[in-house]
Amino acid sequence: MFGKKKPEKTNLEIIDLNEDSALSSDKNPKVLIEFKDVCKKYSQGEHDFYALKDANLTINEGEMVVILGPSGAGKSTLLNLLGGMDSASSGHIMFDGEDLTTYSDNQLTKYRAQNVGVVFQFYNLIPTLTAYENVALMKDIKDDTADPLEALASVGLADHAHQFPSQMSGGEQQRTSIARALAKNPRLLLCDEPTGALDTDTGKEVLKLLQDMSREKNRTVVMVTHNSFFADIADTVIRVKNGGIQSVVHNDTPKDASEVSW
Ligand SMILES: Nc1ncnc2c1ncn2[C@@H]1O[C@H](COP(=O)(O)OP(=O)(O)OP(=O)(O)O)[C@@H](O)[C@H]1O
Ligand SMILES: [Mg+2]
């Protein structure tokens, strides 16, 4: 029920504000992101190919969102647009009332630096830097970053701060990459298959960490996955197919990450 628009109204920002105050008080949702008829088009010879076509969706602040869909559906495209790492061919992408599609390159760089953290399937840690140094890198990007040791402690890695990625397990490396994203204190945490390289138990730990971030710290977590079991833990599930949004389903009673099995 969160974020559903009343069709007769046309001013999106006003709708969102009005609906916010009328919605349930337990999560006190505020619309953070809105896609309006967003397309991402690539020219292929004489034809245009749409990696994403006429996408419309709304994401509330503090939500845990899962994006599901088969390979090539447009999931990473959607995530990259959300993160300002790619630009739309048409349509509007609103973030906290600002239209990202009107931003200059400089403004987009600032948007990414200030607001977006990213966690990838294969961690993307710098192999010649320790866990601490990998997390400390965020200080070069943003002023008000968290203390690297605190960020590592928050993912249970205080004792591993001086290890290099090659000296850590996959789960520890992924937790380091989450600590790195966390150190930035981003409003939006984007995760592309964050458990894809992990065994089930370690994957569950990572899911729990991401869910806690949304539940306890009110960060907006958007996770792309092929694993439909993850739908159970999401506040909102977005299904993508052939470049189109098939459905956006809100779940009032998401499971705890520790309960999900696959
Ligand atoms: N730079 C590009 N140029 C041309 N086509 C692209 C480009 N980037 C993505 N595509 C195409 O857009 C479609 C959607 O790609 P996307 O990476 O979003 O899929 P996905 O859902 O993330 O798939 P996967 O689950 O395999 O990661 C694919 O058919 C892909 O080949
Ligand atoms: Mg992808």
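Residues numbered from 1 in each chain as written. Chains lettered and ligands numbered in written order. Predicted model: local features only at pLDDT ≥ 70, side-chain atom pairs only at ≥ 80, totals over all residues.

**Student:** Help me understand the pairing of strand β10 (residues 244-250), please; the structure alone is not making it clear to me.
**Tutor:** Note on strand geometry: in a regular strand, side chains alternate between the two faces of the sheet. Note: strand β9 (residues 236-241) against β10, 6 bridges, orientation antiparallel. The residue of β10 that forms the bridge with Val240 is Ile245. (Pairing = 2+ DSSP bridges. Helix = DSSP H or I, 4+ residues; strand = E, 2+ residues; numbered from the N terminus.)

**Student:** Could you clarify how one ought to interpret unusual backbone geometry in this entry?
**Tutor:** The phi torsion of most residues other than glycine is negative, and most of the peptide bonds are trans. Notably, Asp37 is not glycine yet its phi reads approximately 50°, a positive angle. Judged by C-beta crowding, with 12 C-beta atoms within 10 Å, Asp37 ranks as exposed. Positive phi is not limited to glycine here, since Asn242 has a value of about 50°. Under the C-beta neighbour-count criterion, Asn242 is labelled partly exposed, with 14 such atoms within 10 Å. (Buried ≥ 20, exposed ≤ 12 C-beta atoms within 10 Å, placed from the backbone.)

**Student:** Is there a simple way to explain helix α6 (residues 170-183) in this structure?
**Tutor:** Counting along an α-helix, one turn takes 3.6 residues, and residues three or four places apart therefore face a common direction. Between the first and last C-alpha of α6 there are 20 Å, a value that for 14 residues agrees with the 20 Å anticipated at 1.5 Å per step. The element α6 is largely enclosed, with a buried count of 12 among its 14 residues. Within the sequence span of α6, burial applies to Gly171, Gln173, Gln174, Arg175, Thr176, Ser177, Ile178, Ala179, Arg180, Ala181, Leu182 and Ala183. Buried residues belonging to α6 abut β6 (116-120), α4 (131-136), α5 (148-154), β7 (188-192) and α7 (200-217). Within two residues after α6, Asn185 carries a phi angle of roughly 55°, on the positive side. (Expected span 1.5 Å × (residues − 1). Contact = placed C-beta atoms within 7 Å.)

**Student:** Before we go on, may I ask you to explain the nonpolar core in this structure?
**Tutor:** It is characteristic of soluble globular proteins that their nonpolar side chains tend to be buried jointly. If you look at the biggest cluster of nonpolar residues, it comprises 60 residues, and the most contacted ones within it are Val65, Ile67, Ala179, Leu210, Val221, Val222 and Met223. Once residues within four sequence positions are removed from consideration, Val221 is found in contact with Met64, Val65, Leu189, Cys191, Leu210, Met213 and Ser214. (Core = buried A, V, L, I, M, F, W, Y, C linked by C-beta atoms within 7 Å.)

**Student:** What is the right way to look at the sheet that holds strand β4 (residues 90-95) in this model?
**Tutor:** Strand pairing in a sheet relies on backbone hydrogen bonds, with the paired strands running either antiparallel or parallel. Read across the open sheet, the 4 strands follow the order β2-β1-β4-β5; overall the sheet is antiparallel. The open sheet terminates on both sides in strands that have one partner only, identified here as β2 (47-60) and β5 (98-99). Relative to β4, strand β1 (residues 31-44) is paired through 5 bridges, and the arrangement is antiparallel. Counted as the bridge partner of Lys36 is His92 from β4.

**Student:** Just checking my understanding: could you explain the sheet that holds β7 for this structure?
**Tutor:** Spatially, β6-β7-β8-β3-β9-β10 is the arrangement adopted by the 6 strands of the open sheet, whose pairing is mixed. Looking at which strands have only one partner, the edges of the open sheet turn out to be β6 and β10. Each neighbouring strand pair of the sheet contributes to a mean axis angle of 15°, computed without reference to strand direction. On the sheet, α6 packs against β6 and β7 and is oriented at approximately 175° with respect to β6. (Axes fitted to C-alpha atoms, helices over the stretch in contact; angles between N-to-C directions.)

**Student:** Whenever I open this one, the site of ligand 1 confuses me. Can you help?
**Tutor:** As a structural note, the neighbourhood of ligand 1 is formed by Tyr42, Ala51, Gly69, Ser71, Gly72, Ala73, Gly74, Lys75, Ser76 and Thr77. For the shell around ligand 1, the leading source of residues is helix α2 (residues 75-82), giving 3 residues. Partitioning the shell around ligand 1 into residue classes produces 3 nonpolar, 6 polar and 1 charged. (Near = placed C-beta within 6 Å. Nonpolar A, V, L, I, M, F, W, Y, C, P; charged D, E, K, R; others polar.)

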